Amino acid sequence: MANDINDLILAALSWIEKQSELIIGTGQPLNDVQISIARSVGVIHPELIRLLEVDEIPVPEDAILRQSAQISGLLLLNMAGLTLGYGIYTRRSQTTLRLLSHEFRHVYQYEEAGSIANFLSVYLEQILTVGYQLAPLEIDAREHEII
Ligand SMILES: [Zn+2]
């Protein structure tokens, strides 16, 4: 299905948008404390955020897409959280304040980008050039962790 980089990016975008809709349809809204944490890291519309606790963060079924996402660093092994627009996956028993503040900062970044597609193009470019650890969007999220 995915045979060049543009097809892969489109496939990743469609997977992310689908997961985001799934979380928004089935996840929990934030409680008052979580809403104020989200506001404190810059989120404009914390009331739109939904949290979905899972045993394992899902990965794409398509093998090529899954491997590309893992090799590029878009999806990491044993991730504790994953923010997809206003949808946030967290792994059960790992939903700490530190994790939530980090993921909420990614929500802010999506808001700034204006769309999932805009965010993804900037984020992908960063992790493909400097890697996950040094990606400016990851550094910014780490700097906003509440610990
Ligand atoms: Zn992050």
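As the structure is a prediction and not an experimental result, all values here were calculated from the model.

K.L.:
So what about the overall build of the protein? Which residues, and what values?
P.N.:
Looking only at helices and strands, one finds six helices and four strands in the protein. Moving toward the C terminus, one meets the helices and strands of the protein in the order α-β-α-β-α-β-β-α-α-α. A globule of 147 residues ought to have a C-alpha radius of gyration of about 15 Å, and the protein, at 14 Å, matches this closely. Overall, the C-alpha framework of the protein stretches about 45 × 30 × 25 Å when taken along its three principal axes. Across the protein, contacts joining residues at least 24 apart in sequence account for 66% of those joining residues at least 6 apart. About 7,900 Å² of surface is accessible on the protein, with carbon and sulfur atoms providing 56% of the total. Side chains of the protein carry 9 positive and 19 negative charges; the gap between the two charge centres is 6 Å.

K.L.:
For the nonpolar core, give the residues involved together with the corresponding values.
P.N.:
The biggest cluster of nonpolar side chains holds 27 residues, and the ones touching the most others in it are L74, L82, L84, Y89 and L120. Among the secondary structure elements, those contributing two or more residues to this core are helix 1 (5-26), strand 2 (50-54), helix 3 (63-72), strand 3 (81-84) and helix 5 (116-129). For this core, the element with the most residues is helix 1, which contributes seven residues. Setting aside residues up to four positions removed in sequence, L74 forms contacts with A12, A69, L120, Y123, L124 and I127. Ranked by size, the runner-up nonpolar core spans 13 residues in total, among them A38, V41, I49 and F104.

Thresholds applied
Residue positions are counted from 1 within each chain, in the order its sequence is given. Per-residue local features are limited, in this predicted model, to residues with pLDDT of at least 70; the limit for side-chain atom pairs, both in listing and counting, is 80 or more; totals at the level of whole chains, interfaces and linings are taken over all residues. To get the side-chain values, all heavy atoms of the structure are used, and hydrogens and water are removed first. Under the scheme used here, helices are H or I runs from DSSP no shorter than 4 residues and strands are E runs no shorter than 2 residues, and both carry numbers assigned from the N terminus. Radius of gyration means the value over C-alpha atoms here, while the globule rule gives 2.2 Å times the residue count to the 0.38 power. Contacts between residues were defined by any pair of non-hydrogen atoms, one from each residue, lying within 4.5 Å. For the area figures, the Shrake-Rupley method with a 1.4 Å probe applies, and any residue is considered shielded solely by the protein chains shown. We count Lys and Arg on the positive side and Asp and Glu on the negative side, and we leave His and both chain ends out. Lys charges are placed at NZ, Arg charges at CZ, Asp charges at CG and Glu charges at CD. Among buried residues, those of type Ala, Val, Leu, Ile, Met, Phe, Trp, Tyr and Cys that are joined through side-chain atoms within 4.5 Å constitute a nonpolar core. Only protein chains enter the accessibility calculation, which uses a 1.4 Å probe; a residue is then buried when its area is under 20% of its type maximum, exposed when over 50%, and partly exposed in between.

These figures come from the coordinates and say nothing about function on their own.
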